[in-house]
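Single-letter residue listing:
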There are 2 protein chains.
Amino acid sequence: MADLRGGDLSRLRQLNTLTAIRALRGAGPLTLSALAERTGLSRPSMKEVTDELMALGWVEEVPPSPGTMGRPARRYRFRADSGYLVGVDIGGHNIRAAVSDLDGRILAETRRPVAPDAPLDERLSAIEQAVSGCLTLSHTAISDVWTISAGTIGVIDVEGHVVYSAAVPAWRDLDLAGKLREMFPCQVLIENDSRLAAMAETRRGVAKGAKDVVFLHVGRRMGAGLIIGGKVHRGFGAAAGEISMLEEARWFDAPEHLQRCASVPPGTPPEDAAGHTLAAARDGDPVAIEAVERYVDDLAVGTAAMVLILDPQMVVLGGGFSRSADVLLDRLRDRLERRCMRLPEVRASALGDECVVAGAIDYAVEHLDEQLFTPDAGPLPVTR
Amino acid sequence: MADLRGGDLSRLRQLNTLTAIRALRGAGPLTLSALAERTGLSRPSMKEVTDELMALGWVEEVPPSPGTMGRPARRYRFRADSGYLVGVDIGGHNIRAAVSDLDGRILAETRRPVAPDAPLDERLSAIEQAVSGCLTLSHTAISDVWTISAGTIGVIDVEGHVVYSAAVPAWRDLDLAGKLREMFPCQVLIENDSRLAAMAETRRGVAKGAKDVVFLHVGRRMGAGLIIGGKVHRGFGAAAGEISMLEEARWFDAPEHLQRCASVPPGTPPEDAAGHTLAAARDGDPVAIEAVERYVDDLAVGTAAMVLILDPQMVVLGGGFSRSADVLLDRLRDRLERRCMRLPEVRASALGDECVVAGAIDYAVEHLDEQLFTPDAGPLPVTR
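This is a predicted model, so every value here is computed, not measured.

A. Examining the overall build of chain A more closely. Helix and strand counts for chain A stand at 11 helices and 15 strands. What you see for chain A is a C-alpha radius of gyration of 24 Å, in line with the 21 Å of a compact globule of 384 residues. With the C-alpha coordinates aligned to their principal axes, the bounding extent of chain A is approximately 75 × 50 × 45 Å. Split into buried and exposed, the 384 residues of chain A put 55% on the buried side. Within chain A, counting contacts between residues at least 6 apart in sequence, those at least 24 apart form 65% of the total. Carbon and sulfur atoms provide 49% of the accessible area of chain A, an area that totals close to 16,300 Å². Treating the 43 positive side-chain charges of chain A as one cloud and the 53 negative ones as another, the clouds have centres 6 Å apart.

B. Region of interest: the sheet that holds strand β14 (residues 314-318) of chain B. All names here are of chain B. The strand order β13-β12-β11-β14-β15 describes an open sheet built from five strands, whose pairing is mixed. At either end of the open sheet lies a strand with only one pairing partner, and these are β13 (231-232) and β15 (345-348). Across two bridges, strand β12 (residues 222-228) lies against β13 in antiparallel orientation. When the sheet's bridge partners are listed, Ile227 is paired in β13 with Val232.

C. Structural context of the interface of chain A and chain B. At the interface, 50 residues of chain A touch 50 residues of chain B. Together, the buried faces of chain A and chain B total about 4,300 Å²; carbon and sulfur atoms form 67% of this surface. Interface area lost by chain A to chain B is led by A:Phe236, A:Ile309 and A:Met341, which between them contribute 17%. Counting the contacts that link chain A with chain B gives four salt bridges. The partner of B:Glu248 in a salt bridge is A:Arg339, with the nearest N and O atoms 2.8 Å apart. For the interface between chain A and chain B, the tally reads 18 residue pairs in polar contact (both at pLDDT 80 or more). Elements with a minimum of two residues in the side of chain A that touches chain B: α1 (6-25), α3 (43-56), β12 (222-228) and α9 (286-310) of chain A. By residue number, the principal contributor to the side of chain A that touches chain B is α9(A), which donates seven residues.

D. Examining the relation of the copies chain A and chain B more closely. Superposition of chain A onto chain B requires a rotation of 180 degrees combined with a translation of 0.0 Å along the rotation axis, giving an RMSD of 0.1 Å. Such a turn and shift between the copies fits a two-fold axis. By C-alpha distance to the rotation axis, the residue of chain A lying nearest is A:Glu248, at 3.0 Å. Most of the interface of chain A is mirrored in chain B, where 100% of its interface residues again form contacts.

E. Layout of unusual backbone geometry. Located in the positive-phi region is A:Ala238, a residue other than glycine, with phi close to 60 degrees. Here A:Ala238 lies in the loop between β13 (231-232) and α7 (256-259). In this structure, B:Arg250 takes a positive phi of about 60 degrees despite not being glycine. By relative accessible area, B:Arg250 is classed as partly exposed at 34%.

F. Examining the side chain of B:Ser149 more closely. Residue placement: B:Ser149 occurs in strand β7 (residues 145-152). Once residues within four sequence positions are removed from consideration, B:Ser149 is found in contact with B:Val86, B:Gly87, B:Val88, B:Leu189, B:Ala360, B:Tyr363 and B:Ala364.

G. Summary view of the packing of aromatic side chains. Under the criterion given, the structure shown has six aromatic pairs over all chains. Here A:Trp58 and A:Trp146 contribute two aromatic rings whose centre-to-centre distance is 5.6 Å and whose plane-to-plane angle is 85 degrees, an arrangement assigned as edge-to-face. Taken as a pair, A:Trp58 in the loop between α3 and β2 (59-62) and A:Trp146 in strand β7 (residues 145-152) lie far apart in primary sequence, 88 residues in all. When the centroid spacing of 5.8 Å and the interplanar angle of 75 degrees are considered together, the rings of B:Tyr295 and B:Phe321 count as edge-to-face. Of this pair, B:Tyr295 sits in helix α9 (residues 286-310) while B:Phe321 sits in the loop between β14 and α10 (325-339), placing them 26 residues apart in sequence. Its relative accessible area of 7% is what places B:Phe321 among the buried residues. Taken together through their ring pairs, the aromatic side chains of A:Trp58, A:Phe78 and A:Trp146 make up a single cluster.

H. Structural view of the pattern of salt bridges. Residues and elements named next belong to chain A. Tallied over the entire structure, the rule returns 50 salt bridges over all chains. Note that Asp81 and Arg79 form a salt bridge whose closest N and O atoms lie 3.9 Å from each other. Residue Asp81 is classed as partly exposed on the basis of its relative accessible area of 43%. Relative accessible area serves as the criterion here: at 18%, Arg79 is assigned to the buried category. Through salt bridges with shared partners, one network takes in Glu60, Arg77, Arg79 and Asp81.

I. Geometry of the sheet that holds strand β1 (residues 30-31) of chain B. All names here are of chain B. A sheet is described by the order of its strands in space; here three strands give the open sequence β1-β3-β2, paired in antiparallel fashion. What marks the edges here is a single partner per strand, and that holds for β1 and β2 (59-62). Strand contacts of helix α3 (residues 43-56): β2 and β3 (75-78), with the helix running at about 105 degrees to β2, the strand carrying the most contacts.

J. Structural view of the confidence of the model for chain A. Considering every residue of chain A, the mean pLDDT works out to 89; 91% of them sit at 70 or more. Here residues 1-6 of chain A is a poorly scored stretch, pLDDT under 50, and it has 14 contacts once near neighbours within four places are set aside; other chains count.

K. Up close: the packing of helix α4 (residues 120-137) of chain A against helix α5 (residues 176-183) of chain A. All names here are of chain A. Packing of α4 against α5 brings their axes to within 11 Å, and their N-to-C directions diverge by 55 degrees. As summarised for this structure, α4 and α5 are arranged oblique, according to the angle between their axes. Two packed elements cross with a definite hand, and for α4 against α5 that hand is right-handed. Side by side, α4 and α5 meet where Leu120, Leu124, Ile127 and Glu128 of the first sit next to Leu176, Lys179, Leu180 and Met183 of the second. A class-by-class count of the residues in the contact of α4 with α5 yields six nonpolar, no polar and two charged.

Calculation notes
Residues numbered from 1 in each chain as written. Chains lettered and ligands numbered in written order. Predicted model: local features only at pLDDT ≥ 70, side-chain atom pairs only at ≥ 80, totals over all residues. Heavy atoms only, no water. Helix = DSSP H or I, 4+ residues; strand = E, 2+ residues; numbered from the N terminus. Rg over C-alpha atoms; globule rule 2.2 N^0.38 Å. Buried < 20%, exposed > 50% of the residue type's maximum accessible area, 1.4 Å probe, protein only. Contact = heavy atoms within 4.5 Å. Areas by Shrake-Rupley, 256 points an atom, 1.4 Å probe, with all protein chains shown as cover. Lys, Arg positive; Asp, Glu negative; His and termini not counted. Charge placed at Lys NZ, Arg CZ, Asp CG, Glu CD. Pairing = 2+ DSSP bridges. Buried area = accessible area lost by both parts, 1.4 Å probe. Salt bridge = Lys/Arg side-chain N within 4 Å of Asp/Glu carboxyl O. Polar contact = N/O pair within 3.5 Å; in protein donor to acceptor, adjacent residues only side chain to side chain. Least-squares fit on C-alpha atoms with pLDDT ≥ 70 in both. Phe/Tyr/Trp six-rings, centres within 6.5 Å; stacked < 30°, edge-to-face > 60°. Axes fitted to C-alpha atoms, helices over the stretch in contact; angles between N-to-C directions. pLDDT = per-residue confidence, 0-100. Parallel < 35°, antiparallel > 145°, perpendicular 65-115°, else oblique. Left-handed = near helix turned anticlockwise from the far one by under 90°. Nonpolar A, V, L, I, M, F, W, Y, C, P; charged D, E, K, R; others polar.

What follows is the structure, given as structure tokens:
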């Protein structure tokens, strides 16, 4: 038998602890034997690990079901309710917020409208209202919230500063993470909204389990989020996915085909115009169909650029316009087939307008996992 | 102390073995103490691991330097000469081959010209001649070659079939891996040439250590190789990097600006035309400079698409035209700065025409490492 010194051993034990939390997070209550089998650890090692996790508040014993005969085996579960996470989608026209448990299960959601040109204070106040609204709905105290994770348009640097935002003028050069930290007494994460939505698709959406995904965040603005090797691709300066900046990719003005279509009734509010065109195309209006064709022509160029460069497993059409996937998807597929080496699977998001808020929560869960699972992160935090 | 059963232990020991090989491969001869320090293992564990590796032929003891006083500490080294690797670059106009040791150190190289429209047999025969040439130069027997790793133009599937090749007609739908296996009695690897060249840049070139790199494989043909998260990005169908297929990206015909420039003297062989234009631009010829400007205009569009999508740390200009980096690099940087969110570092390859053959060898080294380091790959092979 090899000689095992302290360093080797504590590394191994930490590995076992993390393996145990992962197994419990992914399943319902498990007995020691079931846990040992899933993790490949011995039963005595497993017992030691669960004792440690219970002492820290991460794991609890589940009472045996009433009526169980004989001496029932102890069962353990991850305490997903030992803390809460809040996801926020800071959009141009709406602020959405949702609260979830530590497994990312959403408990309540709220939405607050906000004008795209609203001054900074008004927008921050709408964020505060949306968050407190969903906390009230779910009977959660802000002191039980571990992380607030927010997605917003624009390029966000690693410190949570908004480096660039074409759509929300009040947002430029803002220390958004700092502002939110002043408002909420917990950890704050900020990420680009399209990237969060892409993450949600691979965690709970149509791209679940896919390793390489191009997510199209299409609505009145155009964005893209990339999943590469199962991970959100941020880029060296957190500016990945900005294909709409390339004039030749024809993304930036693409929604104008739908917005300015002659079939939109006069007096339609600008936020409803594209929806009118898409609905009219569905009903067979030739003018609207022509606008949709031109829109998809443009959408396909930037999309083909991403497909040819990355050769993804799947392209997901998400964001506001994904509600009209029946009008858009076959047209997009058709153009990609003509333009690309290999046509990836092309699917519509099923998350709709919740994609960013769900992704923000998934990002908070991932961040929590990283804190738990980083080998040198030190001892696990003690929960309440 | 935690209870450690057989499964846990053998996993840990295997981990230690791999850690030891890695440490030895990356360094000169090391003493047991030095190895233990680098790997974080205890000295007795380390001794057990080196004994096992010596028995397998992977590691050998180095004789103590003559004149060492007292009893010298034993030193160990990885036996890079326990086998050999061959890299092949199957280009349109040339076949290059190089032989290296297991660390990827190149021992000899050869080149054979071949016509782009040569029939398949002629091309395969040129490959055989190039390989046997470099084996003869390095006094290596083919029976000591573990792996032949070849890079070629076109889209290569995971089985080593050429799925698509615009440049070499005889190549299409060819089971290239199968053909090479008939010719050589060893393991055969096939990969897209631009991808191999990109790998070489991160292993031994200007992008050494960079995690996210866009490699421009520019010459009479245009290709791209992507490094994402430190790994070559192949794509779901091994078709990543094919931006030249997108008409709007303006890559496909870009070299024509240089090939057909009016400053090229009549009667210049086609393979030398672009070089003439680049040299004339360097000497201040306004017609050639105009051609170079138009060439870089086009090169910048496809490159900007990749930079905006991926936000890489570095763009490397490689391939045949990289010899004219002094004429091209500032012009490219200038255009990318105007078009992109964030200008990555833009550098010229220093590997020149050797980039593919070096990358082919690096790929063989990586493949060997994977065989060594895959936890479930079974026992290590016994070397001669």
